[in-house]
Amino acid sequence: MALQKVVRSTVIDAPIEKVWAVLRDFNSHDQWHTVVDTSEIEDGKTSDRVGCVRNFTLQDGNHIREMLLSLSDKDHVSTYTIVEATVPLQRYVATVTLKPVTDGQRTFWHWASTFSTPAGMEAQLREMVAHGVYEAGFANLKRHLQLGHSTARSTTRSTGNLPIRQASPITAQTIKVREYGDATQLRAETSDVPPPGPGEVRIRQTAIGVNYLDVYLRKGWIPDFLPLPGTPGMEAAGEVIDVGTDVTSLLPGDRVAYMGPLPGSYSSVRNVPVAWTVRLSGGMDDITAAASLLKGITADYLLHDLGRVQAGTRLLVHAAAGGVGSMVCAWARNKGALVMGTVSSEAKARIARDHGCQHVIVTSDYTFSAAVHSIAQGADVIIDGLGDAAREENFAALAPCGHWISLGQASGPLQPLSPDWLVSKSVSFSRPVAFAYVANHALLNQRAERVWQAMREGIVPPVQTERFALKDAAAAHARLESRQSTGALVLLPG
Ligand SMILES: NC(=O)c1ccc[n+]([C@@H]2O[C@H](COP(=O)([O-])OP(=O)(O)OC[C@H]3O[C@@H](n4cnc5c(N)ncnc54)[C@H](OP(=O)(O)O)[C@@H]3O)[C@@H](O)[C@H]2O)c1
């Protein structure tokens with residue numbers, strides 16, 4: 001397996017002795033690197049003794065044990081290796097090197113490592129080490145020294161009153177629902193977005209993804225989810241403008257996309273937990289990211305986890321030209337599934353075919369089971385965002401032992417199903433939600449990377465977008481509900 005290499009460097013505005021005094025202490029990171037929660041040297045050894053092992057608990061709950069391999073006070077170099085970790089970094093060896101900058105008051109700091117990773121996680125883990133550990137570490141140590149800590153040991157953490165934090169609220173344009181109802185209930189207002197709280201980042205949003213779930217919330221179908229007055233929206237992309245305490249993996253200026261289980265993304269500025277975010281690299285633009293993060297991750301868990309779709313699976317996808325549907329069709333076809341899909345018009349049929357749907361059934365009144373039986377003698381897996389109007393037809397379309405995945409209810413809430421009805425064909429029924437499949441930050445990043453990779457490789461074409469100004473959110477919802485839209489809808493703050 002090829003070794004990954006990460007190299008980062010910076011210049012610190014402090015003399016080399018001051019920087020080295022912190023870094024030579026192998027047990028110092030919990031004092032200045034905010035990714036580290038606790039650090040302890042095992043077996044009562046001193047923290048500059050070669051062979052000592054430090055035991056880290058990270059802020060995200062991970063554990064890492066690292067051994068000091070060498071330490072030179074003369075050359076200002078130390079090396080260390082991971083001996084055990086709950087993050088999948090293997091054969092990790094890192095070197096920290098300091099050199100005085102010629103004016104004597106500044107220090108050049110070089111941090112480099114090599115490691116291997118499980119297949120498919122190379123880019124994600126390189127990024128995590130480079131940004132979340134090294135670059136965040138540079139910024140954290142600079143602040144630590146600015147705050148007057150010349151050695152590692154101190155009684156307070158180094159994250160308070162940081163210069164990169166803005167203390168004041170920012171006025172944002174925000175869509176509010178004050179009464180449940182039709183699309184006209186979405187109205188633009190202004191609101192103050194406070195500085196980010198602990199563990200949060202404040203984002204100036206550039207693109208906001210519209211999802212059918214936003215319609216259910218606006219209608220009041222799930223009132224606990226959107227108490228009034230409320231702001232819908234589960235995903236967006238934009239630029240981090242400031243970060244709360246304990247945030248080490250992102251810095252102002254980073255571009256991110258996010259999805260999260262609490263609505264509120266229909267706004268030009270928003271605070272979100274850092275655990276909801278994925279950093280965007282140069283190859284991914286904000287609009288594509290906002291349009292495809294939640295929908296792509298939905299396609300990912302439907303195909304790979306819940307539906308276990310593989311070559312030969314007879315798959316029926318409803319709304320096959322829509323946001324989720326078009327991504328599911330393309331990905332499933334690439335896996336060799338037999339892909340059938342429903343759409344309500346010939347224009348949508350062309351789009352569905354272009355996305356790998358081999359057998360397109362054009363129907364606007366939810367009749368499709370006869371067609372499914374004539375194409376494939378039934379469906380092994382049905383991906384159903386239609387809901388109640390298609391209830392009987394979905395059951396009829398299932399092959400024996402099939403799997404009915406009810407992920408949405410565009411036509412209305414699905415009425416309860418009787419277990420005896422299901423047993424008559426020995427079928428299974430699932431009612432999943434995407435947020436449960438990205439329950440922690442590592443999983444979110446892993447799934448997002450899988451989606452971006454599928455897009456980079458052309459397995460899933462970039463989702464087509466219909467764009468609206470944020471203030472025209474009502475028009476976007478009306479369009480989505482009209483059954484005329486194709487691909488994904490995106491709101492753009494002015
Ligand atoms: N549970 C989850 O994790 C999860 C995550 C994301 C999305 N979803 C669900 O997946 C489905 C697709 O979501 P999306 O955001 O990508 O939307 P979408 O598919 O782009 O738009 C919805 C489509 O549903 C079809 N539809 C059928 N009957 C309809 C009706 N009475 N009113 C409006 N549309 C109707 C239309 O396609 P045709 O006209 O071609 O039939 C329409 O274009 C939704 O049910 C959504 O709730 C679930």
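These numbers come from a predicted model, not from an experiment.

With respect to the site of the ligand
Turning to step 1, where the next piece is worked out: What surrounds the ligand is a group of 28 residues, the closest being Tyr216, Tyr301, Ser344, Tyr366 and Ala434.
Turning to step 2, where the next piece is worked out: One nitrogen or oxygen atom from the side chain of tyrosine 366 is found 2.8 Å from a nitrogen atom belonging to the ligand.
Turning to step 3, where the next piece is worked out: With respect to the ligand, the backbone of leucine 407 contributes an N or O atom lying 3.1 Å from a nitrogen atom.
Turning to step 4, where the next piece is worked out: In isolation the ligand offers 910 Å² of accessible surface; the protein chains occlude 92% of this area.
Turning to step 5, where the next piece is worked out: Taken atom by atom, the bulk of the ligand overlaps the second largest pocket.

Points about empty space enclosed by the protein
Turning to step 1, where the next piece is worked out: Applying the stated criterion across every chain yields a total of one cavity of 30 Å³ or more.
Turning to step 2, where the next piece is worked out: When its volume is computed, the largest cavity comes out at roughly 100 Å³.
Turning to step 3, where the next piece is worked out: Along its surface, the largest cavity is lined by Leu23, Arg24, Phe26, His29, Arg54, Leu68, Leu71, Ser78, Tyr80, Val96, Trp109 and Trp111.
Turning to step 4, where the next piece is worked out: Elements with a minimum of two residues in the lining of the largest cavity: β4 (63-72), β5 (77-85) and β7 (107-116).
Turning to step 5, where the next piece is worked out: Residues that form the lining of the largest cavity fall into these classes: eight nonpolar, two polar and two charged.

Describing the environment of valine 272
Turning to step 1, where the next piece is worked out: Among the secondary structure elements, valine 272 is positioned in strand β13 (residues 269-273).
Turning to step 2, where the next piece is worked out: Classification of valine 272 by relative accessible area gives buried; the value is 0%.
Turning to step 3, where the next piece is worked out: Through-space distance from the C-alpha of valine 272 to that of leucine 492 is 18 Å; in sequence the pair is 220 residues apart.
Turning to step 4, where the next piece is worked out: In this structure valine 272 touches Gly199, Glu200, Val201, Ile203, Tyr258 and Thr277, once residues within four positions along its chain are discounted.

Let's talk about the sheet that holds strand β15 (residues 314-317)
Turning to step 1, where the next piece is worked out: Pairing is parallel across the open sheet formed by six strands, whose spatial order is β17-β16-β15-β18-β19-β20. Where the open sheet ends on each side, the last strands, each with one partner, are β17 (359-362) and β20 (428-430). Recorded for the sheet is a direction-independent mean angle of 15° between the axes of neighbouring strands.
Turning to step 2, where the next piece is worked out: Of the strands in this sheet, β15, β16 (338-343) and β18 (379-384) touch helix α6 (residues 323-334), which is tilted by about 165° from β15.
Turning to step 3, where the next piece is worked out: The sheet strands contacting helix α8 (residues 369-376) are β15, β16, β17, β18 and β19 (398-406), and the helix crosses β16 at an angle near 160°.

Section: the sheet that holds β5
Turning to step 1, where the next piece is worked out: Pairing is antiparallel in the open sheet, where seven strands are placed in the order β1-β7-β6-β5-β4-β3-β2. One side of each edge strand has no neighbouring strand; the edge strands of this open sheet are β1 (4-12) and β2 (36-41). Taken pair by pair, the neighbouring strands of this sheet meet at an average axis angle of 20°, ignoring direction.
Turning to step 2, where the next piece is worked out: Sheet topology note: the β4/β5 ladder contains eight bridges and is antiparallel. Paired with leucine 71 across the strands is serine 78, a residue of β5.
Turning to step 3, where the next piece is worked out: Contacts from helix α1 (residues 16-23) reach β1, β4, β5, β6 (90-100) and β7, with the element oriented near 155° to β6.
Turning to step 4, where the next piece is worked out: This element, helix α3 (residues 122-146), spans β1, β6 and β7 of the sheet and lies at about 15° to β1.

With respect to the nonpolar core
Turning to step 1, where the next piece is worked out: Judged by nonpolar contacts, the single largest core of 85 residues is most densely connected at Val201, Met259, Leu315, Trp452 and Leu491.
Turning to step 2, where the next piece is worked out: If you tally residues by element for this core, the top one is helix α5 (residues 286-306), at 12 residues.
Turning to step 3, where the next piece is worked out: Taken domain by domain, this core gets at least three of its residues from each of domain 2 (173-293 + 464-492) and domain 3 (311-432).
Turning to step 4, where the next piece is worked out: Setting aside its immediate chain neighbours within four residues, leucine 315 contacts Leu303, Val309, Val328, Ala332, Leu338, Val339, Met340, Val381 and Ile383.

Brief notes about helix α12 (residues 473-481)
Turning to step 1, where the next piece is worked out: Listed in full, the buried residues belonging to α12 are Ala473, Ala474, Ala476, His477 and Leu480. Each buried residue of α12 lies within a common arc of 160° when the element is viewed along its axis, so the set occupies one face.
Turning to step 2, where the next piece is worked out: Those residues of α12 hidden inside the fold are in contact with β8 (170-177), β9 (186-193), β10 (200-210), α4 (212-219), β21 (465-469) and β22 (488-492).
Turning to step 3, where the next piece is worked out: After α12 finishes, the residue arginine 483 shows a positive phi value of roughly 70°.

Focus: the pattern of salt bridges
Turning to step 1, where the next piece is worked out: Here the structure, examined in full by the defined rule, presents 23 salt bridges.
Turning to step 2, where the next piece is worked out: Its salt-bridge partner being arginine 202, residue aspartate 242 comes within 2.7 Å of it at the nearest N-O pair. Linking aspartate 242 in strand β11 (residues 235-243) with arginine 202 in strand β10, this pair joins segments that are 40 residues apart in sequence.
Turning to step 3, where the next piece is worked out: The class of aspartate 242 is buried, set by a relative accessible area of 0%.

A short note on the layout of surface pockets
Turning to step 1, where the next piece is worked out: In this structure, the second largest pocket spans a volume of roughly 1100 Å³.
Turning to step 2, where the next piece is worked out: The set of elements that each furnish at least two residues to the lining of the second largest pocket consists of α4, α5, α6, β16, α12 and β22.
Turning to step 3, where the next piece is worked out: Looking at the lining of the second largest pocket element by element, the count peaks at four residues for α5.
Turning to step 4, where the next piece is worked out: Residue composition of the lining of the second largest pocket, grouped by class: 26 nonpolar, 15 polar and five charged.

What about the packing of α5 against α6?
Turning to step 1, where the next piece is worked out: Two elements in contact, α5 and α6, have axes whose closest approach is 9 Å; the angle formed by their N-to-C orientations is 45°. Considering the angle they form, α5 stands oblique to α6. Note on packing geometry: the crossing formed by α5 with α6 is right-handed. When α5 is examined against α6, the residues Ser292, Lys295, Gly296, Thr298, Ala299, Asp300, Leu302, Leu303 and His304 are found in contact with a partner set consisting of Gly323, Val324, Met327, Val328, Trp331 and Ala332.
Turning to step 2, where the next piece is worked out: Considering only residue class, the contact of α5 with α6 consists of eight nonpolar, five polar and two charged.

Regarding the packing of aromatic side chains
Turning to step 1, where the next piece is worked out: Within the structure shown, the criterion is met by 15 aromatic pairs.
Turning to step 2, where the next piece is worked out: Between tryptophan 109 and tryptophan 111, the ring centres sit 5.3 Å apart and the planes meet at 25°, which makes this aromatic pair stacked.
Turning to step 3, where the next piece is worked out: The class of tryptophan 109 is buried, set by a relative accessible area of 0%.
Turning to step 4, where the next piece is worked out: On the accessibility criterion, tryptophan 111 (2% relative accessible area) is buried.
Turning to step 5, where the next piece is worked out: Ring geometry for tryptophan 404 against phenylalanine 429: centres 5.4 Å apart, planes inclined by 85°, an arrangement best described as edge-to-face. Of the two residues, tryptophan 404 sits in strand β19 while phenylalanine 429 sits in strand β20, which places them 25 residues apart along the sequence.
Turning to step 6, where the next piece is worked out: The class for tryptophan 404 is buried, based on a relative accessible area of 0%.
Turning to step 7, where the next piece is worked out: When the ring centre of phenylalanine 26 is taken as reference, the NZ or CZ atom of arginine 54 above it lies at 3.7 Å.
Turning to step 8, where the next piece is worked out: The lysine or arginine in question, arginine 54, covers the ring of tyrosine 80, its NZ or CZ lying 4.9 Å from the ring centre.

What counts, and at which threshold
Residues numbered from 1 in each chain as written. Predicted model: local features only at pLDDT ≥ 70, side-chain atom pairs only at ≥ 80, totals over all residues. Heavy atoms only, no water. Near = heavy atom within 4 Å. Polar contact = N/O pair within 3.5 Å; in protein donor to acceptor, adjacent residues only side chain to side chain. Areas by Shrake-Rupley, 256 points an atom, 1.4 Å probe, with all protein chains shown as cover. 1 Å grid on protein atoms, 1.4 Å probe; cavity = no way out; pocket = protein on both sides within 12 Å on 5 of 7 lines; lining within 4 Å. Sits in = over half its atoms within 2 Å of the grid points. Points joined across faces, edges and corners; volume = space filled by probe spheres on them. Helix = DSSP H or I, 4+ residues; strand = E, 2+ residues; numbered from the N terminus. Nonpolar A, V, L, I, M, F, W, Y, C, P; charged D, E, K, R; others polar. Buried < 20%, exposed > 50% of the residue type's maximum accessible area, 1.4 Å probe, protein only. Contact = heavy atoms within 4.5 Å. Pairing = 2+ DSSP bridges. Axes fitted to C-alpha atoms, helices over the stretch in contact; angles between N-to-C directions. Core = buried A, V, L, I, M, F, W, Y, C linked by side-chain atoms within 4.5 Å. Domains from an automatic or database assignment. Arc of directions from axis to C-beta. Salt bridge = Lys/Arg side-chain N within 4 Å of Asp/Glu carboxyl O. Parallel < 35°, antiparallel > 145°, perpendicular 65-115°, else oblique. Left-handed = near helix turned anticlockwise from the far one by under 90°. Phe/Tyr/Trp six-rings, centres within 6.5 Å; stacked < 30°, edge-to-face > 60°. Lys NZ or Arg CZ within 6 Å of the ring centre and 35° of its normal.

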